[in-house]
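Structural overview for review
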Amino acid sequence: MSEASNDTKSRIMEAALETLRTEGIKGTSARSIARQGDFNQALIFYHFGSIIELLITAANADSAQRVKTYRTELEGITSLPELAAVARRLSKAEVDDPGISVVTQLLAGAAGNPEMGAKLWEGFEEWIEVVASALGGALEGTGFDAMLDVRDMAFAIVALFMGIELIGRLNPDRDPTEALYSIDRKSVV
């Protein structure tokens, strides 16, 4: 694929994500995405085939970048307090990032579209794997590593994180990350 084609696809994906952020899933159409990016809407179908494919591709590309950052940040975690400290820092960074609104809108759209839901799930699989790896490192040798299914716990943590990010935005005067990620070193095995 040529560099110009890649640039065009990137521009379309950026416009799609911005449209989702500003217009929501109901206001996201080929016309609104093309207007946002100042290009002909036919380019969407030429490069992606459908709006759903564009939205999933854009969201998963954005997610892959975040996963790469998170993987680096979480690498080498060996204790729960250390994991909590990194999680707090990453969560605080997400508060200022509009990316969560994109995921929210996609989850709303996927509720009535099983194909979209299945493709969106693929992006969440990467998140769960990153969290499972960090959690496994934090629990290793504690005895909990033998008692808990790390992958199931990672799924629960990702779901909890999403819920906190979504619900936490409803009350801008309260920072849910402070209480959630505060782990006293004395209380952790």
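Remember, predicted model here, so these are calculated numbers, not experimental data.

Here's the deal with the nonpolar core
Buried together is how nonpolar side chains tend to be arranged in soluble globular proteins. Counting residues in hydrophobic clusters, the biggest one holds 46 residues, and the most contacted among them are Ile33, Ile44, Leu54, Leu74 and Leu106. Going through the elements one at a time, α1 (3-23), α2 (30-37), α3 (42-48), α4 (51-74), α5 (80-95), α6 (99-110), α7 (114-139) and α9 (150-168) are the ones with two or more residues in this core. Residues within four places of leucine 74 in sequence aside, it is in contact with Leu83, Val86, Leu90, Val130 and Ala134.

Points about the environment of isoleucine 51
Inspection of the secondary structure assignment puts isoleucine 51 in helix α4. For the pair isoleucine 51 and isoleucine 33, spaced 18 residues apart in sequence, the C-alpha to C-alpha distance is 9.3 Å. The residues touching isoleucine 51, leaving out its near neighbours within four places in the chain, are Ser29, Ala30, Ile33, Ile44 and Phe45.

A closer look at the packing of α7 against α9
It is at 8 Å that the axes of α7 and α9 come closest, and there the two elements cross at 115 degrees. The two elements α7 and α9 meet at a crossing, and its hand is right-handed. Touching Trp121, Phe124, Glu125, Trp127, Ile128, Glu129, Val131, Ala132, Leu135 and Gly136 of α7 are Val150, Arg151, Met153, Ala154, Phe155, Ile157, Val158 and Met162, all from α9. Class assignment of the residues belonging to the contact of α7 with α9 gives a composition of 14 nonpolar, one polar and three charged.

Describing the pattern of salt bridges
Considering all chains together, one arrives at seven salt bridges under this definition. Note that lysine 119 and glutamate 53 form a salt bridge whose closest N and O atoms lie 2.6 Å from each other. Linking lysine 119 in helix α7 with glutamate 53 in helix α4, this pair joins segments that are 66 residues apart in sequence. We classify lysine 119 as partly exposed; its relative accessible area is 21%. Beyond isolated ion pairs, a larger network of salt bridges with shared partners links Glu53, Glu115 and Lys119.

Brief notes about α7
With 26 residues, α7 should cover 38 Å at 1.5 Å per step; its first-to-last C-alpha distance of 35 Å lies within 8% of that length. A maximum bend of about 25 degrees is found in α7 at glycine 123. For α7, the N-terminal cap is asparagine 113; the gap from its side-chain oxygen to the backbone nitrogen of glutamate 115 is 3.2 Å. Just downstream of α7 lies glycine 141, where phi reads positive at about 80 degrees.

Examining unusual backbone geometry
Negative phi is the rule for most residues except glycine; trans is the rule for most peptide bonds. Within the chain, aspartate 38 stands out as a residue other than glycine whose phi angle is a positive 55 degrees. Along the polypeptide, aspartate 38 turns up in the loop between α2 and α3. We classify aspartate 38 as exposed; its relative accessible area is 67%.

Conventions used here
- Residues numbered from 1 in each chain as written.
- Predicted model: local features only at pLDDT ≥ 70, side-chain atom pairs only at ≥ 80, totals over all residues.
- Heavy atoms only, no water.
- Core = buried A, V, L, I, M, F, W, Y, C linked by side-chain atoms within 4.5 Å.
- Buried < 20%, exposed > 50% of the residue type's maximum accessible area, 1.4 Å probe, protein only.
- Helix = DSSP H or I, 4+ residues; strand = E, 2+ residues; numbered from the N terminus.
- Contact = heavy atoms within 4.5 Å.
- Axes fitted to C-alpha atoms, helices over the stretch in contact; angles between N-to-C directions.
- Left-handed = near helix turned anticlockwise from the far one by under 90°.
- Nonpolar A, V, L, I, M, F, W, Y, C, P; charged D, E, K, R; others polar.
- Salt bridge = Lys/Arg side-chain N within 4 Å of Asp/Glu carboxyl O.
- Expected span 1.5 Å × (residues − 1).
- Bend = angle between axes of the 7 residues up to and from the residue.
- Polar contact = N/O pair within 3.5 Å; in protein donor to acceptor, adjacent residues only side chain to side chain.

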